[in-house]
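# A look at the structure
Chain by chain, the residues:
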Amino acid sequence: MIIRELREEEAYKCAMANALAFHFHSDIEKIKAEGRIKNFVVGAFEDDGETLMGKVEVNRFKSNFYGDYVEAMCVGGVATRPECRRAGCIRRCFQYIFDAADRFSWEISYLYPFSYAYYRKFGYERMTDSYDVTVRMHSLAHFERSMDFVLMEREEQRQDVKAAYLRFAADINGMLYPDDRLLLSHGSCEPYLTGKNTYIGYEKGEPSCYLTFECRLPEIEVHELAYTSPSSLRAMLGFLRTYDAQADTVKFHRIALDSPLLYVLREFADVRAELIPNTMCRAVDVLKLLQRVPFKEIQGDFSVSVVDPHIRRNNRIFDFSGADGKVSISARDTGLYDVRLNIQTMTQLLHGFDDFDLKKAAYLDGVEICDPIGAERLFKAFPRRSSMLIEHF
């Protein structure tokens, strides 16, 4: 087996693997003539170096991590020809990609799993869970109807969507920076062709919110909503009331577990919320991410040992010391430590996934408590942070 990066003209080989793995229909000859690879793609090839067995594609985006947009390795297009499965193709491809992380300055990675257990083998853990929330239209009756929204019909209006998105995403870990590629996925400029309507709201002349929805009567399906203030969120809900003569329910997709939407509703007798586990995440460079975390006030010293079977540099002991409101972090290779965490749990701690403490830690895999006092200091130091990722890749 040979592991290598795919050449630009080998897009048709990706299409062949996708077609066989996912039952896609592809015009291979057309792709062979016209297709070009745009992402970073690593493949496992037979010994001839040309026959593709399986591959992993990486989209290079930037994701929000406590207010900084860091280089993110967003994995998609994982596919293996059926006759080549269970030969270690994807495992070898992932190791090649992890080894290439420094070349692209990747600090963190996300993917949409077909199996959570499978991707845990590569250090990933669930991260951006969300709700699909369905409410009866009459549950929105206490919101004043609002008509001050503008339908998006021109491409230049996407800049207003981008402005609202960036303000909405500022406090949410995981949100991807809407560059020219991703911005096209936010909303639709062709409501009459697609049936998807994107409306933008403004406050004091500045874009403050937007929502994208479809009318699938008797239900309105809201695929995306972003807001920058309590008044802009209430205004969007008031705008949806313009459909109260046609629709019985409104279904909101991808609502963060701590979304203010759940605060402003008043009637919950008819609310239905379905938990949707979404992306998985893994830290690619633990030290760089630690240096970006806005720690709570640290009292005393503590240390954590990280276990990462795939990325050697993460296998270190990180020492924390707090004084005068400042945090000092250093790393060493050997010695004693207060807590040992596998990379999956360390990633959740870094990302602000939950309010961890000693009691919760007892239920987590890959956690070894050596000193309960130091462990408690560690868990208390990391902030809880809202996490969400709405784009597909």
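Residues numbered from 1 in each chain as written. Predicted model: local features only at pLDDT ≥ 70, side-chain atom pairs only at ≥ 80, totals over all residues. Heavy atoms only, no water.

## Describing the sheet that holds strand S14 (residues 280-283)
Condition: One bridge is not enough; two strands pair if DSSP finds at least two bridges between them. Secondary structure counts use DSSP, requiring at least four H or I residues in a row for a helix and at least two E residues in a row for a strand, with both numbered from the N terminus. By the convention used here, residues are in contact when the closest approach between their heavy atoms is within 4.5 Å. Fitted lines through C-alpha atoms serve as axes, helices being fitted only where they are in contact, and the angles separating the N-to-C directions of these axes extend from 0 to 180 degrees.
Sheet architecture is open: seven strands sit in the order S1-S2-S3-S4-S5-S14-S6, paired in mixed fashion. In this open sheet, the two strands that pair with only one neighbour each are strand S1 (2-5) and strand S6 (125-126). In this sheet, S14 lies alongside S6 in antiparallel orientation, the contact comprising two bridges. Across the sheet, glutamate 125 pairs through a bridge with cysteine 281, a residue of S14. On the sheet, helix H1 (residues 11-22) packs against S1, strand S2 (40-45), strand S3 (52-65) and strand S4 (68-80) and is oriented at approximately 95° with respect to S3. Contacting S1, S2, S3, S4, strand S5 (108-111) and S14, helix H3 (residues 89-99) runs over the sheet at an angle of about 40° to S3.

## Topic: the state of the cysteines
The condition that has to hold: Two cysteine sulfurs form what is called a disulfide whenever their separation falls within 2.5 Å. Accessible area is worked out with a 1.4 Å probe on protein chains only. A residue is then buried under 20% of its type maximum, exposed over 50%, and partly exposed in between.
Applying the stated criterion across every chain yields a total of zero disulfides. This cysteine, cysteine 74, is not joined by any disulfide, and cysteine 281 carries the nearest cysteine sulfur, 9.3 Å off. With relative accessibility at 0%, the residue cysteine 74 sits in the buried group. As a non-bridged cysteine, cysteine 189 has cysteine 209 as the owner of its nearest cysteine sulfur, 17 Å distant.

## Re the packing of aromatic side chains
Filter applied, for reference: Aromatic pairs are defined between Phe, Tyr and Trp rings, using the six-membered ring for Trp, whenever the two ring centres lie within 6.5 Å; interplanar angles under 30 degrees are classed as stacked, those over 60 as edge-to-face, and all others as tilted. Criterion for a charge above a ring: Lys NZ or Arg CZ within 6 Å of the ring centre, and within 35 degrees of the ring normal.
Evaluation of the coordinates by the stated rule reveals 29 aromatic pairs. Centre to centre, the rings of phenylalanine 114 and tyrosine 119 are 5.7 Å apart; their planes meet at 80°, and the pair counts as edge-to-face. We classify tyrosine 119 as buried; its relative accessible area is 3%. Relative to phenylalanine 382, the ring of phenylalanine 295 lies with its centre 4.9 Å away and its plane at 75°, an arrangement referred to as edge-to-face. Residue phenylalanine 295 is located in the loop between helix H11 (286-290) and strand S15 (301-307), and its partner phenylalanine 382 is located in the segment after helix H14 (372-381); the two are separated by 87 residues in the primary sequence. Given a relative accessible area of 3%, phenylalanine 382 falls into the buried group. Linked through ring pairs, Phe94, Phe98, Phe114, Tyr118, Tyr119, Phe122 and Tyr124 together constitute an aromatic cluster. Note that arginine 4 overlies the ring of phenylalanine 45, its terminal NZ or CZ placed 3.9 Å from the centroid. It is lysine 32 that lies over the ring of tyrosine 12; its NZ or CZ is 4.8 Å from the centre.

## Quick notes on unusual backbone geometry
In this model, leucine 217 is joined to proline 218 through a cis peptide bond whose omega is 15°. You can see proline 218 is positioned in the loop between strand S10 (206-216) and strand S11 (219-227). Of note in the backbone geometry, serine 105 takes a positive phi value of approximately 60° without being a glycine. Locating serine 105 in the fold gives a position in the loop between helix H4 (101-104) and S5. The residue arginine 254 is not glycine, and still its phi comes out positive at about 55°.

## Let's talk about the nonpolar core
So the rule is basically this: The nonpolar core is taken to be a set of buried Ala, Val, Leu, Ile, Met, Phe, Trp, Tyr and Cys residues, with the residues joined through side-chain atoms within 4.5 Å.
Counting residues in each nonpolar core, the largest one holds 45 residues, and the members touching the most others are Leu140, Leu211, Leu225, Leu237, Leu240, Val250 and Phe252. A total of six residues in this core trace back to one element, the largest contributor, which is helix H9 (residues 230-240). Dropping the residues within four chain positions of it, leucine 140 is found in contact with Val135, Leu237, Leu240, Arg241, Val250 and Leu265. Of all hydrophobic cores here, the second largest spans 39 residues; its members include Cys281, Val293, Leu349 and Phe353.

## Quick word on the sheet that holds strand S8 (residues 149-151)
Here seven strands make up an open sheet; going across it, the order is S8-S9-S10-S11-S12-S7-S13 and the pairing mixed. Edge positions in the sheet fall to S8 and strand S13 (272-276), since each of these pairs with one other strand and no more. Taken over all neighbouring pairs, the strand axes of this sheet differ in orientation by 25° on average, direction set aside. The sheet contact formed by S10 and S11 spans eight bridges and is antiparallel. The residue bridging tyrosine 210 from the neighbouring strand is alanine 226, located in S11.

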